[in-house]
Amino acid sequence: MQPNQRCCVFMPPRSTRRPFLMEARPRSVNRRVNSAVAEPQKAHASIVQSLCASRSIKRLLGNATARLTAGWLCLCPWGKAQKRANRSQSERTHSSKKLPILSNYLSRGQIAAIVSEISHPRMSTYVVAQNPRNNRRALNLYAWNAKISAAFIVPLHLCEVVMRNAVVSAVESVYGTSWFTNPGFERALPTMAKKHLADARQGEALAGKVVAELKFVFWVSMFTRRHDATLWNGKLHIEFPNLPRTLLALDARTLLYNQLNEVRIFRNRIAHHEPIFARDLDADYRRIRKLVAWRSHTAADWLDGLQEVGTLLAARP
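Residues numbered from 1 in each chain as written. Predicted model: local features only at pLDDT ≥ 70, side-chain atom pairs only at ≥ 80, totals over all residues. Heavy atoms only, no water.

Asker: Explain the overall build of the protein to me, please; I cannot follow it from the model alone.
Answerer: Per the secondary structure count, the protein includes 21 helices and 0 strands. Counting over 317 residues, the protein shows a buried share of 38%. Contacts spanning at least 24 positions in sequence make up 64% of the contacts within the protein whose residues lie at least 6 apart. Summed over its atoms, the accessible surface of the protein is roughly 18,500 Å², and 53% of this surface lies on carbon and sulfur atoms. (Helix = DSSP H or I, 4+ residues; strand = E, 2+ residues; numbered from the N terminus. Buried < 20%, exposed > 50% of the residue type's maximum accessible area, 1.4 Å probe, protein only. Contact = heavy atoms within 4.5 Å. Areas by Shrake-Rupley, 256 points an atom, 1.4 Å probe, with all protein chains shown as cover.)

Asker: Which parts of the structure should I look at to understand the pattern of salt bridges?
Answerer: Note that side chains of opposite charge can pair when their charged atoms are close. All chains considered together, the criterion is met by 10 salt bridges. Between Glu160 and Arg267 there is a salt bridge, and its shortest N-O distance comes to 3.3 Å. Linking Glu160 in helix H11 (residues 153–175) with Arg267 in helix H18 (residues 249–271), this pair joins segments that are 107 residues apart in sequence. The exposure class assigned to Glu160 is buried, which follows from its relative accessible area of 11%. (Salt bridge = Lys/Arg side-chain N within 4 Å of Asp/Glu carboxyl O.)

Asker: I tried to follow a nonpolar patch on the surface on my own but got confused; where do I start?
Answerer: On the surface, a cluster of nonpolar side chains totalling about 280 Å² of accessible area is made up of Val154, Trp302 and Leu306. When you line up the elements, Leu306 lands in helix H20 (residues 297–306). By relative accessible area, Leu306 is classed as partly exposed at 40%. (Patch = residues over 30% accessible without salt bridge, like charges linked within 9 Å, V, L, I, M, F, W, Y side chains within 5 Å.)

And the structure:
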């Protein structure tokens, strides 16, 4: 077929053809059409793009004719081959996304492959928790455990930020804004906390950077008895205005420490990808929320609207 014959695809029927059509066609389209003879597969995408983008073609042929021509190109042999190649590449790239999360829709072979990668000893915890015991049900529970663990990251995030900011506020009121380099503050710390502080302030001159580097266990340790005299006596209800007023300062500080340490243990289980499905997860969320509320009711209410723990608890398999 000659190049001029192939160009007829871009023209309306002979009865309505305009005499100046061939002269009005853009040169860029001429070059792409001619290249289609030698390299049809490479030219396919360029031709379609020209049809869709060229204002001259749309003005001369009309949108309907342009769409029909593009459809004809998709039926050409090279168009079909290119479409199959693109689909095959997409399936290879995104094939993992097509596997459903619930194992009810997985084949036995797929379940066996996934369980093998997770490891049988690790999956045994989930198998034993099911009745009847089988890998299909266990894999559903495993997926739910992973999703609920991820959902708890948001409440844990807010809780840790709120708690450490409360501690920083109390420490700054005693040791100043450069508390992390104050020798008096360092002497008040236990040995492990001193090490954590030294590691966090290496090369850091800003308090905010040091705060971000300090581990959660450091902030929990700030609620121990050794800091009562310097930090919390007379200041605890300032930093936590919503603590129960019926409690003495010592009892309130002890309550804070116990609750925060429970959250730390729970956080570590999630961070190490341990099973949490057997816990009272509703109580875990209420504990996190309570700690935030002791500092700010507004922040706790905001957390209620932000978290997705409740939705996932209702959907436990």
